[in-house]
Amino acid sequence: MTARLHRMVFRQDLPLSLAQGWDFFSRPDNLARITPPGLGFEVTSPLPERMYAGMIVSYRVSPFAGIKIPWVTEITHAREPEFFVDEQRSGPYRFWHHQHHFHEGKNGLEMTDLIHYQLPFSLLGDLFASRLVERRLTSIFTYRRPHLVRLFGER
C-alpha cells in the first residue's frame, strides 16, 4: 500500500505590492532568511539571482535532532508574478509538491502556500511520522509569519 497524500495550506497577507512580493520570494537566497535556524537549512548548490522553471537547488536540512539529510528540489513552474512550484527530486519525502501563489488583494499581497506530500515507508511512515511532520511543517510557517511581519510590517 502507498502512503497517504497529505495536504497543507498556509496563508499570509503582507503590505506589499504583487511586484514587491515577487521580487522578494523569487530570490532563492531569501529562503534561508525565513527558515527557522533549528532546521539546519543549508544551500549546497550555487544560486542564481532569480528563480526560473527548470532550476535545481540542493540543500541539507536537519528535520530531526542533528540528522542531516540532502534534499534536491526543482522549480518546475514559474509564472511571474503569480506563482511558482517546487518539487522534490530526491530527499526526505516520497513526494513533495509545493505551490507558492501570490495575488494582489485590496490591502496588499495575499500569499498562499499549498503543499502536497507523501511520507516514505508507505503506511509505516504515516503511522509513525505523519503527526510529527505535520507539526514540523506548521512550525516552519508559524516561524515565517512574524519574521515576514518584522521584515515588511502588517497590513
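Since this is a predicted model, take the numbers as computed values, not measurements. (Residues numbered from 1 in each chain as written. Predicted model: local features only at pLDDT ≥ 70, side-chain atom pairs only at ≥ 80, totals over all residues. Heavy atoms only, no water.)

A. Looking closely at the side chain of His147. Within the secondary structure, His147 is located in helix α3 (residues 122-152). Reaching out from His147, the side chain makes a polar contact with the side chain of Arg150 at a distance of 3.2 Å. (Helix = DSSP H or I, 4+ residues; strand = E, 2+ residues; numbered from the N terminus. Polar contact = N/O pair within 3.5 Å; in protein donor to acceptor, adjacent residues only side chain to side chain.)

B. Expanded view of the pairing of strand β5 (residues 83-90). Counting buried positions along β5 gives six out of eight residues, so the element sits mostly inside the fold. Bridging between strand β4 (residues 67-79) and β5 involves seven bridges; their strand directions are antiparallel. Residue pairing for β5: His77 is matched across the bridge by Val85. Where β4 folds back onto β5 in an antiparallel hairpin, the turn is made up of three residues. Relative to strand β6 (residues 95-105), β5 runs antiparallel, the two being bridged by five bridges. Bridge pairing in β6 places Asp86 opposite His98. The antiparallel hairpin formed by β5 and β6 contains four residues in its connecting segment, where Gly91 sits at a positive phi of about 155°. (Buried < 20%, exposed > 50% of the residue type's maximum accessible area, 1.4 Å probe, protein only. Pairing = 2+ DSSP bridges.)

C. Summary view of the pattern of salt bridges. For the coordinates displayed, the defined rule picks out eight salt bridges. With a closest N to O distance of 3.2 Å, Asp23 and Arg27 form a salt bridge. What makes Arg27 partly exposed here is its relative accessible area of 25%. Its salt-bridge partner being Glu74, residue Arg89 comes within 2.8 Å of it at the nearest N-O pair. With Arg89 in strand β5 and Glu74 in strand β4, this residue pair connects regions lying 15 residues apart in the sequence. Judged by its relative accessible area of 43%, Arg89 falls in the partly exposed class. Here the salt bridges do not stand alone but share partners, grouping Asp23, Arg27, Glu49 and Arg50 into one network. (Salt bridge = Lys/Arg side-chain N within 4 Å of Asp/Glu carboxyl O.)

D. Representation of unusual backbone geometry in the model. In this structure, the amide linkage connecting Glu80 to the following residue, Pro81, adopts the cis form with an omega of -5°. Relative to the assigned elements, Pro81 resides in the loop between β4 and β5.

E. Summary view of the sheet that holds β5. Here we have seven strands laid out as an open sheet, ordered β1-β7-β6-β5-β4-β3-β2, and antiparallel in their pairing. Two strands bound the open sheet, and with one partner strand each, they are β1 (6-14) and β2 (42-43).

F. Highlighting the packing of aromatic side chains. Using the criterion set out here, one finds 14 aromatic pairs in the structure. On the basis of an interplanar angle of 40° and a centroid distance of 5.0 Å, the ring pair of Phe41 and Tyr59 is categorised as tilted. Residue Phe41 is found in the loop between α2 (30-33) and β2, and its partner Tyr59 is found in strand β3 (residues 56-64); the two are separated by 18 residues along the sequence. No difference in accessibility class separates Phe41 from Tyr59, as the two residues are buried. (Phe/Tyr/Trp six-rings, centres within 6.5 Å; stacked < 30°, edge-to-face > 60°.)

On their own, these measurements won't tell you what the molecule is for.
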